[in-house]
Amino acid sequence: MTTTGSSPLCEQIVESFGSLVSSTCFKAMMDGERNVQADDLIVVNNSFIERKSIKVKSTKSPQYLCANYDQLDNVDASGLGVCTPDMLHNNFRRYSAGSGNIPARVSLAEGIDRNLSGVGKLIFLLIGTVDDDIEVSVPLESSLCSLLRFAPTNDELLTLREGVVEVNDVKYPDALRTALAEAWARRSKSDGSIPADFEKKFVGALPVLRELVHSEIQLPEGELDVREGTLMRRMIDSLVNEIAAYDAAIARCGGDPMRDAQSFSDVLRIAYNFASDSQKLITLVVSLCDLKPLLLWATVAEHFRLSQSFNDLSGSKETKPSPTLFYSTVTGARNHAFHDLIRIDRAIQVRVEDVRLQARNLTLFAPHAKKGGNTLTYEDQELVEALTQFTHAPESVVTPEFWVRSSQVMHALAELLVAMERALFSLNNECVMRYRDGAPGPHGMPNSHQP
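Okay, the confidence of the model for the protein next. Confidence along the protein averages 88 in pLDDT terms, with 92% of residues attaining 70 or more. Below a pLDDT of 50 lies the segment residues 1–5, which in the model reaches 13 contacts outside its immediate sequence neighbourhood of four places, other chains included. Taken together, the stretch residues 440–451 has pLDDT below 50 and engages in 35 contacts with residues farther than four places along the chain or on a different chain.

Here the focus is the nonpolar core. L108, W403 and L427 are the most contacted members of the largest nonpolar core, which has 83 residues in total. Broken down by element, this core gets its largest block of residues, 16 residues, from helix α13 (residues 400–435). For W403, the contacting residues outside a window of four places in its chain are Y246, I250, G255, F264, V267, L268, A271, V330, A333 and V398. The next biggest cluster of nonpolar side chains, apart from the first, holds 22 residues, and it includes V136, L158, L160 and I194.

Glancing now at a nonpolar patch on the surface. Together, I344, I348, V350, V352, V355 and L357 give the surface a local cluster of nonpolar side chains, amounting to about 590 Å² of exposed area. V355 sits in the exposed class, given a relative accessible area of 52%.

This part takes up empty space enclosed by the protein. The probe, sized like a water molecule, is rolled over the atoms to show the empty space still left. Overall, the coordinates contain 2 cavities of 30 Å³ or more when judged by the stated rule. For the largest cavity, the calculated volume is near 70 Å³. Lining the largest cavity are N46, S47, F48, I49, R51, V286, C289, D290, L296 and H303. Residue contributions to the lining of the largest cavity peak at 3 residues, all from helix α8 (residues 261–291). Tallied by class, the residues present in the lining of the largest cavity amount to 5 nonpolar, 3 polar and 2 charged. As a volume, the second largest cavity reaches approximately 40 Å³. In terms of lining, the second largest cavity is formed by N46, K60, S61, Q63, C289, D290, P293, L296 and W297. Going through the elements one at a time, α8 and α9 (293–298) are the ones with two or more residues in the lining of the second largest cavity.

Our focus in this paragraph is helix α6 (residues 196–212). In this model α6 runs 25 Å from its N-terminal to its C-terminal C-alpha over 17 residues, within 8% of the 24 Å that 1.5 Å per residue would give. Of all the bends found along α6, the most pronounced is centred on L206 and spans about 30°, while P207, a proline, follows it within four residues. Buried residues in α6 make contact with β7 (136–139), β8 (147–150), β9 (158–161), β10 (164–167) and α5 (173–188).

With that settled, the discussion passes to the sheet that holds β7. Where strands meet in a sheet, backbone hydrogen bonds hold them as pairs that are either parallel or antiparallel. Sheet architecture is open: 4 strands sit in the order β7-β8-β10-β9, paired in mixed fashion. On the outer flanks of this sheet lie β7 and β9, each paired with one strand and no other. Taken pair by pair, the neighbouring strands of this sheet meet at an average axis angle of 20°, ignoring direction. Judged from the 4 bridges that link them, β8 and β10 form a sheet pairing that is parallel. Residue L147 lies in a different strand from β10, and its bridge partner there is V164.

Scanning the entire structure with this criterion turns up 9 aromatic pairs. Note on F48 and F304: the rings are 5.6 Å apart at their centroids and 75° apart in plane angle, and the pair reads as edge-to-face. Here the residue F48 occupies a position in the loop between β1 (41–44) and α3 (51–54), and F304 occupies one in helix α10 (residues 300–314), the gap between them amounting to 256 residues. With centroids separated by 6.1 Å and ring planes inclined at 85°, the aromatic side chains of F264 and W403 adopt a geometry described as edge-to-face. In this pair, F264 sits in helix α8 while W403 sits in helix α13, placing the two residues 139 residues apart along the sequence.

With that out of the way, let us pick up a negative patch on the surface. A surface patch of negative charge is lined by D131, D133, E135 and E216. Turning to its location among the elements, D131 is positioned in strand β6 (residues 129–131). Of the residues examined, D131 reaches a relative accessible area of 33% and is grouped as partly exposed.

Rules used throughout
Residues numbered from 1 in each chain as written. Predicted model: local features only at pLDDT ≥ 70, side-chain atom pairs only at ≥ 80, totals over all residues. Heavy atoms only, no water. pLDDT = per-residue confidence, 0-100. Contact = heavy atoms within 4.5 Å. Core = buried A, V, L, I, M, F, W, Y, C linked by side-chain atoms within 4.5 Å. Buried < 20%, exposed > 50% of the residue type's maximum accessible area, 1.4 Å probe, protein only. Helix = DSSP H or I, 4+ residues; strand = E, 2+ residues; numbered from the N terminus. Patch = residues over 30% accessible without salt bridge, like charges linked within 9 Å, V, L, I, M, F, W, Y side chains within 5 Å. Areas by Shrake-Rupley, 256 points an atom, 1.4 Å probe, with all protein chains shown as cover. Salt bridge = Lys/Arg side-chain N within 4 Å of Asp/Glu carboxyl O. 1 Å grid on protein atoms, 1.4 Å probe; cavity = no way out; pocket = protein on both sides within 12 Å on 5 of 7 lines; lining within 4 Å. Points joined across faces, edges and corners; volume = space filled by probe spheres on them. Nonpolar A, V, L, I, M, F, W, Y, C, P; charged D, E, K, R; others polar. Expected span 1.5 Å × (residues − 1). Bend = angle between axes of the 7 residues up to and from the residue. Pairing = 2+ DSSP bridges. Axes fitted to C-alpha atoms, helices over the stretch in contact; angles between N-to-C directions. Phe/Tyr/Trp six-rings, centres within 6.5 Å; stacked < 30°, edge-to-face > 60°. Lys, Arg positive; Asp, Glu negative; His and termini not counted. Charge placed at Lys NZ, Arg CZ, Asp CG, Glu CD.

This is the structure:
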């Protein structure tokens, strides 16, 4: 791949496209094409996940990356283009150079220029710095102390100051009550007996304070290098830590509860959390890419790899896998391992042919506003209603190999987020560079407040 003389954003786009078309999976797809000519146009899709399952509300972008077939082995910025063909359903489409329906295209440089003005600033909140040191206060309405303040930079869990109680954490009320008693004892030189009214108001104010505690994000200003402390980095670090714990648990049990039951429980717990939250992360990333195609172009290989990791896990040949299917499989397996309190795993039919229902009352034409007003009541109805509240969760049994290979999906999503983080910084810097001289754009007037 050749990227000399281009911006970091352009370089990442070329790099990602080149990584995709050089992958074994993509080459296998191309091997299935017949009578391919050097100047045939290869168009790569811009969406690789089944969209309905993750409930994406944004609209798929009409812009697609493309290159001639003979440039795929050494793609560079000059050979990469952008086109707007009819909607693609497969991962890629080949347009024969001799056909009459080959879509018009523009250069990658022009495609970048056309999209920069619509970038806006809101997307960069993901790479904004998160400030956790925000102080908030609530009144205590006590003659002893009038204010309860959250002061996260304090060293002590609780500090008594003149008229103010300061805490650096609000998650553990029992620990805070103990700390208050100790601080009061030191201050009053007594046995720590706190006036009951003061303690009651302190305990009552904690949930109010907890609701007010928050962090703030400062949108980036100027050109920036990839750095710690951003919202995106927190997402990545959390995911990477969970993946490390998952891989360690898999190494101990091999996905088999018979080898190590406790480690297998860890596998189920982490896999369930991942399956649930990964849908939200994927929805976020897909929405970003729909709205800002430049981000998709810069991460297209990672999108493709995530799609293939889902397909490899399920053994499906579908071109667009569903993260919801992965979630339902993990949830069913977890339900199988952790039954409800009452271990009944199937429906129960009660033969009641010989039971006579002693009807009490039948209500018809109940008021429209009274839902469920049309009812039949009968003897022992309360018993039936008490019994019919029980259900059993759907269950599924998967092989140990499923849990081992699920790690590939986790790693693929982490790699996509890392690539997205890099793309956001590159895009931010591209916008700053293009519009630093005051030209209208996403970081200057009048476009600085675009959503």
